[in-house]
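Here's the letter readout for the chains.
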Amino acid sequence: MYKSVKFSLKRFLFFMILSLGTGALSALLTMNSTREVFNSIKQPPLTPPAAVFPVVWTILFFLMGISSFIVSGSRSEYKNKALIIFFVQLIINFTWSPLFFIAQMYFAAFICIVLLWIAIIAMIYYFYKVNPVAAFLQIPYLLWVTFAGYLNFMIYRLN
C-alpha cells in the first residue's frame, strides 16, 4: 500500500538534525531574551512553568524529524509537496521566536502562529497522503501550537 525505500542513516540524520537543529538554533538566538521577556510579561491563565517549553519543543522537533524522514523515504507522488510544506512550516516556526522574544511584537507573533497552524494542517494532510503514521506523529505538534496560539494571543491582550 505505502511503498518506501530502504532505511538510510544519512537521510535519517539529515532530517533529525534539520528538525532538532531548527529548534536549537531558534533557542540559541533568543536565549538571552527568553527568560527576561517570560518573567516580565503578564501571563495568561494556564501558562505552564518556563521549564516545560524546551522539553515539549524538543519532543515535537524530534517527532518532526521522524515524520519527515518517513515521508522522505516514500515513493508517493505527494512526497515532494509534503516535504516542501514541511520546510515552509519549519521556516515559519523558526520565525516566531525572534518576533515574540527579541522584537516583542506579540501580535505579529500571533499572526505567525496562525500561519504556522495552517502550515501544520497542510503538512499533516500531505503527510497522511504519503504515510498516515507520519501524519499522526504531528498531531501533538498541532495541539501544542493551538495552545501556544492561545498563550500568544492572551499575552498580546494582557500586555
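Up top is the structure.
Residues numbered from 1 in each chain as written. Predicted model: local features only at pLDDT ≥ 70, side-chain atom pairs only at ≥ 80, totals over all residues. Heavy atoms only, no water.

Undergrad: I'd love a proper account of the overall build of the protein, names of residues and values included.
TA: Across its full length, the protein carries six helices and zero strands. Helices (α) and strands (β) of the protein occur, in sequence order from the N terminus, as α-α-α-α-α-α. Taken against the 2.2 N^0.38 rule, which gives 15 Å for 159 residues, the C-alpha radius of gyration of the protein at 16 Å falls within 12% of a compact globule. Judged by the C-alpha coordinates and their principal axes, the protein covers about 50 × 25 × 20 Å. Counting all 159 residues of the protein, 42% fall into the buried class. (Helix = DSSP H or I, 4+ residues; strand = E, 2+ residues; numbered from the N terminus. Rg over C-alpha atoms; globule rule 2.2 N^0.38 Å. Buried < 20%, exposed > 50% of the residue type's maximum accessible area, 1.4 Å probe, protein only.)

Undergrad: Describe helix α2 (residues 52-72), naming the residues involved and giving the relevant values.
TA: Over its 21 residues, α2 extends 30 Å from the first C-alpha to the last, a length consistent with the 30 Å expected when each residue adds 1.5 Å. Every buried residue of α2 is accounted for by Leu60, Phe61, Leu63, Met64, Gly65, Ser67, Ser68, Phe69, Val71 and Ser72. Against α1 (9-40), α3 (79-102), α4 (106-130), α5 (132-136) and α6 (139-158) lie the buried residues of α2. (Expected span 1.5 Å × (residues − 1). Contact = heavy atoms within 4.5 Å.)

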